[in-house]
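Residues per chain are reported as follows:
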Amino acid sequence: MATPDFIRTLRASAGRQLLWLPGVTAIVFDDEGRVLLGRRTDTRKWSVVGGIPEPGEQPADCAVREVFEETAVRCLPERVVLVQALQPVTYDNGDVCQYMDITFRCRAVGGEARVNDDESLEVGWFEVDALPELNEFALHRIKQAMTEEPAWFAPATAG
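An account of the accompanying structure is given in this report. (Residues numbered from 1 in each chain as written. Predicted model: local features only at pLDDT ≥ 70, side-chain atom pairs only at ≥ 80, totals over all residues. Heavy atoms only, no water.)

1. Focus on the packing of aromatic side chains
Link 1 in the chain: Inspection of the entire model under this criterion finds one aromatic pair.
Link 2 in the chain: When the ring of Trp46 is compared with that of Phe126, the centres are 5.0 Å apart and the planes differ by 75 degrees; the resulting orientation is edge-to-face. In this pair, Trp46 is assigned in strand 3 (residues 46–47) and Phe126 in strand 8 (residues 120–126), connecting sequence segments 80 residues apart. Taken individually, Trp46 and Phe126 each receive the classification buried, so the pair is uniform in this respect.
Link 3 in the chain: Directly above the aromatic system of Phe68 lies the positively charged group of Arg74, at a separation of 3.8 Å from the ring centroid.
Link 4 in the chain: In this structure, Arg141 packs its charged tip against the face of Phe137, placed 3.7 Å from the ring centre. (Phe/Tyr/Trp six-rings, centres within 6.5 Å; stacked < 30°, edge-to-face > 60°. Helix = DSSP H or I, 4+ residues; strand = E, 2+ residues; numbered from the N terminus. Buried < 20%, exposed > 50% of the residue type's maximum accessible area, 1.4 Å probe, protein only. Lys NZ or Arg CZ within 6 Å of the ring centre and 35° of its normal.)

2. Comments concerning the environment of Gly124
Link 1 in the chain: Mapping Gly124 onto the fold places it in strand 8.
Link 2 in the chain: With a relative accessible area of 13%, Gly124 lands in the buried category.
Link 3 in the chain: A C-alpha to C-alpha distance of 15 Å links Gly124 and Cys106, two positions 18 residues apart in sequence.
Link 4 in the chain: Contact partners of Gly124, with chain neighbours within four places excluded, come to Val35, Leu36, Leu37 and Trp46. (Contact = heavy atoms within 4.5 Å.)

3. Side note on the environment of Gly50
Link 1 in the chain: Here Gly50 lies in strand 4 (residues 49–51).
Link 2 in the chain: It is 8.6 Å that separates the C-alpha atoms of Gly50 and Thr103, two residues lying 53 residues apart in sequence.
Link 3 in the chain: Once residues within four sequence positions are removed from consideration, Gly50 is found in contact with Val24, Thr25, Glu66 and Glu70.

4. What to know about the environment of Val80
Link 1 in the chain: Its place among the elements puts Val80 in strand 5 (residues 73–85).
Link 2 in the chain: Taking the C-alpha atoms as reference, Val80 lies 27 Å from Thr90; in sequence the two are 10 residues apart.

5. Remarks on helix 2 (residues 59–71)
Link 1 in the chain: Compared with the 18 Å implied by 1.5 Å per residue over 13 residues, the 18 Å span of helix 2 between its first and last C-alpha is a close match.
Link 2 in the chain: Ala72 sits one or two residues past helix 2 and shows a positive phi near 65 degrees. (Expected span 1.5 Å × (residues − 1).)

6. Topic: the side chain of Arg141
Link 1 in the chain: Tracing the backbone shows Arg141 in helix 3 (residues 136–146).
Link 2 in the chain: By relative accessible area, Arg141 is classed as buried at 1%.
Link 3 in the chain: Side chain to side chain, Arg141 and Gln84 meet in a polar contact 2.7 Å long.
Link 4 in the chain: Sequence-distant contacts of Arg141, that is, excluding residues within four places in its chain, are made with Thr25, Ile27, Leu82, Gln84, Leu86, Asp101 and Thr103. (Polar contact = N/O pair within 3.5 Å; in protein donor to acceptor, adjacent residues only side chain to side chain.)

7. Digging into the pairing of strand 1 (residues 19–29)
Moving residue by residue along a regular strand, the side chains alternate between the two faces of the sheet.
Link 1 in the chain: For strand 1, the buried fraction is high: nine of the 11 residues fall into the buried class.
Link 2 in the chain: As paired strands, strand 1 and strand 7 (residues 96–111) are joined by 11 bridges and run parallel to one another. Paired with Val24 across the strands is Ile102, a residue of strand 7.
Link 3 in the chain: Note that strand 1 and strand 4 share three bridges and pair antiparallel. Counterpart to Ala26 in the pairing with strand 4 is Val49. (Pairing = 2+ DSSP bridges.)

Below, the structure is given as structure tokens:
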């Protein structure tokens, strides 16, 4: 996964310490109700599409950009389905990040699903009742995107 230039600049002064970063996930459905997935080059596992917004980039614009960059599919964000602070991640090089994920349900509006950058080994459309093996992160987001419920978030704790 390519590290954005602004994060490299931050790392030059912050070192490996925890960076709190925005993250965006796009759950993209086509007109047949299938969901778009990519098999990642770093883990070799199937997952939903996502990425980090550039400074000043709106989250919905980031979702559209990431989907196109990774899959060549054009999409339109329809609604926010989930907002969640994730657990910190320590990468192989020792960098520590924690993400605030905003997940959008999106509708495909054009393009042909294909590998469009070096972050994916494969991309494809999957029936929701015939998904490849996915982690809980992806499954929870797909499930939420399929409902018409309000956006999911962790309940607030009394302070």
